[in-house]
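# Structural overview
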Amino acid sequence: MSWGFLRHLLSGVNKYSTGIGRIWVAVLFVFRLLVYVVAAENIWKYEHDEFECNIQQPGCENVCFDHFFPVSHIRLWALQLIMVSTPSLLVVFHVAYRENREKRHNQKLYKSPGEIDGGLLCTYLISLILKTGFEIVFLVLFYKLYNGFKVPHLVKCDVRPCPNTVDCYISKPTEKMIFLYFLVATSCLCVVLNLGELSYLIFKYCIKCYLKKYIKKHQ
Amino acid sequence: MDWGALHTVLGGVNKHSTSIGKIWLTVLFIFRIMILVVAAEKVWGDEQDDFICNTLQPGCKNVCYDHFFPISHIRLWALQLIFVSTPALLVAMHVAYRRHEKKRQFRKGDQKCEYKDIEEIRKQRFHIEGSLWWTYTSSIFFRLVFEAVFMYAFYFMYDGFRMPRLMKCSAWPCPNTVDCFVSRPTEKTVFTIFMIAVSSICILLNVAELCYLLAKFFLRRSKKAGHQKHHPNHENKEETKQNEMNELISDSCQNTVIGFTS
């Protein structure tokens, strides 16, 4: 079980997405997942070992690291990627349900099980809203937990058993900050794509309804 | 998700590339991505552990390392490779969009569609002309821009492409100026120069491909203009035929209207 599994699942989503949805999947895979696996993971690999406090007191370093990093950036990043990808599976499940229904009744119930109309449109819109919601929640969480997206090179710690205020140094703070900004930028791009897709689908649906009413009126 | 997945995606684009494009893709995967994964990552693997400063002051090593390496070579290369590969995805999307349109035509039973089945559409290779030419050329242009930007970023951040053995650091909390020693500087210099050389080769290949596409475009245009010049009668005959048809249509329309009103 690894990121390849998620990628395999999301490749299925691509089939039932709009054009903007496909761009979103491409951005997610290339600029977020791939960057996470090939670059970001290695930066945070030894973060605890390389976290150094100016003190010999046993336990002080551990306690200070835990105080300043309740959840590591990289773990939060991984959780964000998983949570943001999963709402798309609602669409896959709904299409599978439609195909199953057609098989059970042994007749064609839908124009095409994968076409985004009716109930599938609602599911698709809900998945877009959930995706956007998760992105924003994680960005706010990042901001609140770490007081912005900056990574300081020095933190002052006075948690027991540290005897006084102790200087603790974080490893690779600039590199971590660069990648955090990259994460924020790609998250915002994904939010913009999701909102764009949402507007496009709502607009398309309104035009369809309007045209239907107009044709009925003139008949 | 890793470099293998990127290879799968870009491998699909290979079918629709020019010969120079195929060479570029091969150079990218064998001489850059593979070298990065099997060799370079190991050379830089212990970079912070073996970065040693001549001081016992806690925190001095961390601060000096961060000061001299704001972003590691290996991460910068990984980002460069990702950004340089991405424009090819524009071409992949355009090809997928064309295939989708052809499949829609085929399903509608359009007589203009000359394919026998969907499999043929899936396997078909598109020629680089029309709007695909513009997408392909833009992707090469963006590739060139990204390569140049990253090479400049490298040069600017590390003051050239050499890895020094010794760096003098006086950032707080280091007490005075402290000597810090980089691990494996010669090996890192060798790999840096290798990666820069291969980047330059890729830039040359992209420039050559761009020139080739532009030359092909202008040649095709001059051929078309030449063909029009030498066969004007053919064009005029077509025009007169069209004019006759238009007249027939407008006459029949008028008759219909008159018939309807009476």
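Residues numbered from 1 in each chain as written. Chains lettered and ligands numbered in written order. Predicted model: local features only at pLDDT ≥ 70, side-chain atom pairs only at ≥ 80, totals over all residues. Heavy atoms only, no water.

Each helix and strand in chain A was counted, giving eight helices and three strands. Walking chain A from its N terminus toward its C terminus, one meets helices and strands in the order α-α-α-β-α-α-α-α-β-β-α. What you see for chain A is a C-alpha radius of gyration of 23 Å, clearly larger than the 17 Å of a compact globule of 219 residues, by over 25%. With the C-alpha coordinates of chain A rotated into their principal frame, the extents come out at 85 × 35 × 25 Å. Per-residue burial for chain A yields a buried fraction of 45% across its 219 residues. Expressed as a percentage of contacts within chain A between residues at least 6 apart in sequence, the contacts between residues at least 24 apart total 76%. Accessible area of chain A: about 11900 Å², with a carbon and sulfur share of 62%. Looking at charge distribution, chain A has the averaged site of its 25 positive side-chain charges lying 18 Å from that of its 16 negative ones. (Helix = DSSP H or I, 4+ residues; strand = E, 2+ residues; numbered from the N terminus. Rg over C-alpha atoms; globule rule 2.2 N^0.38 Å. Buried < 20%, exposed > 50% of the residue type's maximum accessible area, 1.4 Å probe, protein only. Contact = heavy atoms within 4.5 Å. Areas by Shrake-Rupley, 256 points an atom, 1.4 Å probe, with all protein chains shown as cover. Lys, Arg positive; Asp, Glu negative; His and termini not counted. Charge placed at Lys NZ, Arg CZ, Asp CG, Glu CD.)

Evaluated as defined, the whole model comprises nine salt bridges over all chains. One salt bridge in this structure joins A:Arg32 and A:Glu135, with 2.6 Å as the shortest N-O distance. Taken as a pair, A:Arg32 in helix α2 (residues 19–43) and A:Glu135 in helix α7 (residues 119–145) lie far apart in primary sequence, 103 residues in all. On the basis of relative accessibility, which here comes to 1%, the residue A:Arg32 falls in the buried class. A salt bridge links B:Arg184 to B:Glu187, with the shortest nitrogen-to-oxygen separation between them at 3.9 Å. Overall, B:Glu187 belongs to the partly exposed group, its relative accessible area being 36%. Taken together, the shared-partner salt bridges in this structure form one network comprising A:Glu175, B:Glu47 and B:Arg75. (Salt bridge = Lys/Arg side-chain N within 4 Å of Asp/Glu carboxyl O.)

A few words on the UniProt feature "domain: Connexin N-terminal" (unreviewed entry) in chain B. The sites that carry the UniProt feature "domain: Connexin N-terminal" (unreviewed entry) are, in the present numbering, residues 42–75 of chain B. The distance from the first to the last C-alpha atom of residues 42–75 of chain B is 13 Å, and the span holds 41% helix and 6% strand. (UniProt positions renumbered as here; feature names shortened; annotations may be inferred.)

Let's shift gears to the UniProt feature "domain: Connexin cysteine-rich" (unreviewed entry) in chain B. Under the UniProt annotation, the feature "domain: Connexin cysteine-rich" (unreviewed entry) is placed at residues 146–213 of chain B. Measuring from the first to the last C-alpha atom of residues 146–213 of chain B gives 20 Å, for a span that is 60% helix and 12% strand.

In this section: the interface of chain A and chain B. You'll often see interface size given as the accessible area lost when the parts meet. Taken residue by residue, the interface counts 33 residues in chain A and 29 residues in chain B. Interface area for chain A against chain B, summed over the two sides, is near 2800 Å², with a carbon-plus-sulfur share of 67%. There are one salt bridge connecting chain A and chain B. Note that B:Arg75 is salt-bridged to A:Glu175, the shortest N-O span being 2.8 Å. (Buried area = accessible area lost by both parts, 1.4 Å probe.)

Residues and elements named next belong to chain A. The end-to-end C-alpha separation of helix α6 (residues 88–105) is 27 Å, in line with the 26 Å expected for 18 residues at 1.5 Å each. Taken as a whole, α6 has its buried residues at Ser-88, Leu-89, Val-91, His-94, Val-95, Arg-98 and Glu-102. Those residues of α6 that are buried lie in contact with α1 (3–15), α2, α5 (73–85) and α7. Looking one or two residues beyond α6, the residue adopting positive phi is Asn-106, at roughly 55°. (Expected span 1.5 Å × (residues − 1).)

This part takes up the sheet that holds strand β2 (residues 166–169) of chain B. Residues and elements named next belong to chain B. Strand order across the open sheet formed by three strands is β1-β3-β2, with antiparallel pairing between neighbours. Across the chains shown, the open sheet's two edge strands, defined by having one partner strand only, are β1 (52–53) and β2. Seen against the sheet, helix α3 (residues 60–68) touches β1, β2 and β3 (178–181) and runs at an angle of roughly 110° to β2. (Pairing = 2+ DSSP bridges. Axes fitted to C-alpha atoms, helices over the stretch in contact; angles between N-to-C directions.)

What follows is about the sheet that holds strand β2 (residues 154–157) of chain A. Whether parallel or antiparallel, the strands of a sheet pair through hydrogen bonds between backbone atoms. All names here are of chain A. Spatially, β1-β3-β2 is the arrangement adopted by the three strands of the open sheet, whose pairing is antiparallel. The sheet terminates laterally at β1 (52–53) and β2, the two strands that pair on one side only. Across two bridges, the pairing between β1 and strand β3 (residues 166–169) is antiparallel. Bridge pairing in β3 links Cys-53 to Cys-168.

Before going further, it helps to spend a moment on the UniProt feature "domain: Connexin N-terminal" (unreviewed entry) in chain A. As recorded in UniProt, the sites labelled "domain: Connexin N-terminal" (unreviewed entry) are residues 42–75 of chain A. With 53% helix and 6% strand, residues 42–75 of chain A has its two end C-alpha atoms placed 12 Å apart.

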